[in-house]
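So you can see what is in the structure, the chains are spelled out below.
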Amino acid sequence: MTKRYTVLVIAALLVCFAALGQTTIDQLEYFIDTDPGAGNGTPVSVNADVAVSTVFTVPTAALSTGFHRLFVRARFADGRWGQMEEQAFYLLQPVANPTPDISAMEYFIDTDPGAGNGTPVSVNPGVAVSTVFTVPTAVLSTGFHRLFVRARFADGRWGQMEEQAFYLLQPVANPTPDISAMEYFIDTDPGAGNGTPVSVNADVAVSTVFTVPTAALSTGFHRLFVRARFADGRWGQMEEQAFYLLQPVANPTPDISAMEYFIDTDPGAGNGTPVSVNADVAVSTVFTVPTAALSTGFHRLFVRARFADGRWGQMEEQAFYLFQPSGLPRNIVAAEVFFDQDPGAGNGIPVSLGTPAPSIATTVSITVPPLSLGQHLMYLRAQFDNGAWGLVDLDTIEVFPGVVCFADMDEDGYGDGANSQVFVMGCPLEFVADSSDCDDTNAAVHPGAAEICNSVDDNCNGLIDQDELVQAAPKVFLQGPYVSATQLMHDSLRVKDLIPLTEPYTGLTNFTHTGGGGGEQTTPAVLAVTGQNAVVDWVFLELRRHTNPVQVLATRAALVQRDENPAQRLIGGKYVLWAANGRIDTQLKYNGSNNDRTSILSVVGLTTPNAVVPGYRVQDYNLDGVVKYNGSANDRNVLLGNVGITTPSAIVEDQVAR
């Protein structure tokens, strides 16, 4: 039976105390959880030196499952034990014949729905998984939240949760600069806005350098806090940096009194080639290293300094490649880049440099080969005119998942498919993930917009208005002013000068214009026409899609003339539109709750039913220019006639849009 054991490996543990002489550290030991006393821990083999670096294995067979703490300390040559280095770790029990540990993963925000009930994350089963996933935030409120992630093992157990706090900001249209102020404080928070101000230029991101006075601070550890204020007055989270303050020394003795260098082989401290320096606590100098005696190829230059008390410090090392002199400086004629693995000199990605020269400073663009997400090593090297390749320059890059975003210059939420860029951290302002806008200069033009008669493809479906909408000339009769004897409508409202020059529906809550409708106007000359073509009233028209009658494509306000041909419902041999819907709902009611008769009383007065109120009102059911509850030509009888004189409690469903 195969068992898997967990062991702890401490890699490259470096203990360094520069204040002591050479061979300062002569012993190293560790212990777990409980201190057995200095010198009683488990010894670690090291070579005595002023600094040690070692790798050692810690057996864990005798430890219980759970959290533990590993402590390491060093002993100095004078017998003193130094401070301890501590590392926490979690120990898992060995598993017989283990299968891949992680079989599933899920996340949730703020509230735990219970193991297995979170939002699943797609992963490939394995002993370790690495994945990138997107968390939607549209339903989250502005403010702080916590993201939790947990994995399920192959045996069905759910592991511990990983938690990440984040702050969600609602998107802002046409944002002003986010950061308007910045301040800092040390150790104790005086309250937002009461710290020491830092001068910054208002912007969505700021970068600045400032000086922190320390004269009033005590020797020891302190914490520096910095926070910024947003344009809306809110203060953001604080950034924290710990530091240790040393008191200045009066008339300090110059620390560095000498300096020397050597190449490749250490001749021993004090036996190198001396470098001229002025004694000081810090020195900066430039010196020349002769290379005539060196062979062509790689070498290492070492520099070290001697302190005033006679001790020699640690060495600084620099590798270099030496070419044989040719009488002329070598020109750089080519360069190449490669990633992670060296394909061999001359086999990298070529870099265009222009005119050969001993040194070239330029900015170039290269096509990066497909790389996995995460960190990679990028190498650069140059070729000289004698065919030799120089040293390799190394840098670290990180590949993030890219998001293709499309310009949204008109900020209508739809992007221009012909103007795209790839961003690492999601789409910034004026960019969206959508690419379906057909005119990114007009916010009224985008998929789903109402198609209006303007010779423009408003909804980006490839058709302009003439292809999708129709031009209509509806002819209607209004029941209220209809006179059966003349088969015309009377024009009492016009005669009494009660018809407004601008359509009256825009200001009403029950009528909503769409598709470019609203604001239609007429002229006094039109309202001055008499006879059969005299204007009776404004009407509200809707154009609906025949396959989906609830969808209103467009609305218009229009004027009705006295002799318009009848349409809609047949009454007394004529098709007319119902009158008397004073509540502007979907029913005509004479009795009961929400009836249209009481709507008349609300105008003339509950206590004065015989009153007559002139004006342009929806309760003027017969459109004669006045609202009347009692008496001749009253508006109540129009309502009663529609629901039925013998059935006053009947309810008639309205047939026109509200």
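**A closer look at the sheet that holds strand β6 (residues 85-91)**
Part 1 of the argument: Taken in spatial order, the four strands line up as β3-β2-β5-β6 in an open sheet, and their pairing is antiparallel. Sheet topology places β3 (42-44) and β6 at the edges, where each strand pairs with a single neighbour. Mean inter-strand twist for the sheet, computed between neighbouring axes without regard to direction, equals 30°.
Part 2 of the argument: Relative to strand β5 (residues 66-76), strand β2 (residues 25-32) is paired through seven bridges, and the arrangement is antiparallel. Directly across from Phe31, in β5, lies its bridge partner Phe71.

**Re unusual backbone geometry**
Part 1 of the argument: In the Ramachandran plot, Asp110 falls in the positive-phi region, its phi being about 70° despite a non-glycine side chain.
Part 2 of the argument: Looking at the element boundaries, Asp110 is found in the loop between β7 (102-109) and β8 (119-121).
Part 3 of the argument: Looking at Asp110, the relative accessible area reads 32%, which means it is partly exposed.
Part 4 of the argument: With phi around 50°, Leu623 is a residue other than glycine that occupies positive phi space.
Part 5 of the argument: With respect to the helices, strands and loops of the structure, Leu623 is situated in the loop between β33 (612-614) and β34 (626-628).

**Overview of the confidence of the model for the protein**
Caution is warranted with low-pLDDT regions, since their predicted coordinates should not be read in detail.
Part 1 of the argument: When pLDDT is averaged along the protein, the result is 81; 88% of the residues meet or exceed 70.
Part 2 of the argument: Here residues 1-23 scores under 50 on pLDDT; set against residues more than four positions off or in separate chains, the count is 70 contacts.
Part 3 of the argument: Scored below 50 in pLDDT, residues 565-574 makes 27 contacts in the model with residues more than four places away or belonging to other chains.

**Notes on the state of the cysteines**
Part 1 of the argument: The final tally for this structure, using the stated rule, is two disulfides.
Part 2 of the argument: The disulfide that involves Cys405 links it to Cys427, with 2.0 Å between the sulfurs. The S-S bond linking Cys405 to Cys427 shows a torsion near -90°; that makes this disulfide left-handed. Separated by 22 residues along the polypeptide, Cys405 in strand β23 (residues 403-407) and Cys427 in the loop between β24 (420-423) and β25 (431-432) bring together distant segments of the chain.

Definitions and cut-offs
- Residues numbered from 1 in each chain as written.
- Predicted model: local features only at pLDDT ≥ 70, side-chain atom pairs only at ≥ 80, totals over all residues.
- Heavy atoms only, no water.
- Pairing = 2+ DSSP bridges.
- Helix = DSSP H or I, 4+ residues; strand = E, 2+ residues; numbered from the N terminus.
- Axes fitted to C-alpha atoms, helices over the stretch in contact; angles between N-to-C directions.
- Buried < 20%, exposed > 50% of the residue type's maximum accessible area, 1.4 Å probe, protein only.
- pLDDT = per-residue confidence, 0-100.
- Contact = heavy atoms within 4.5 Å.
- Disulfide = S-S within 2.5 Å.

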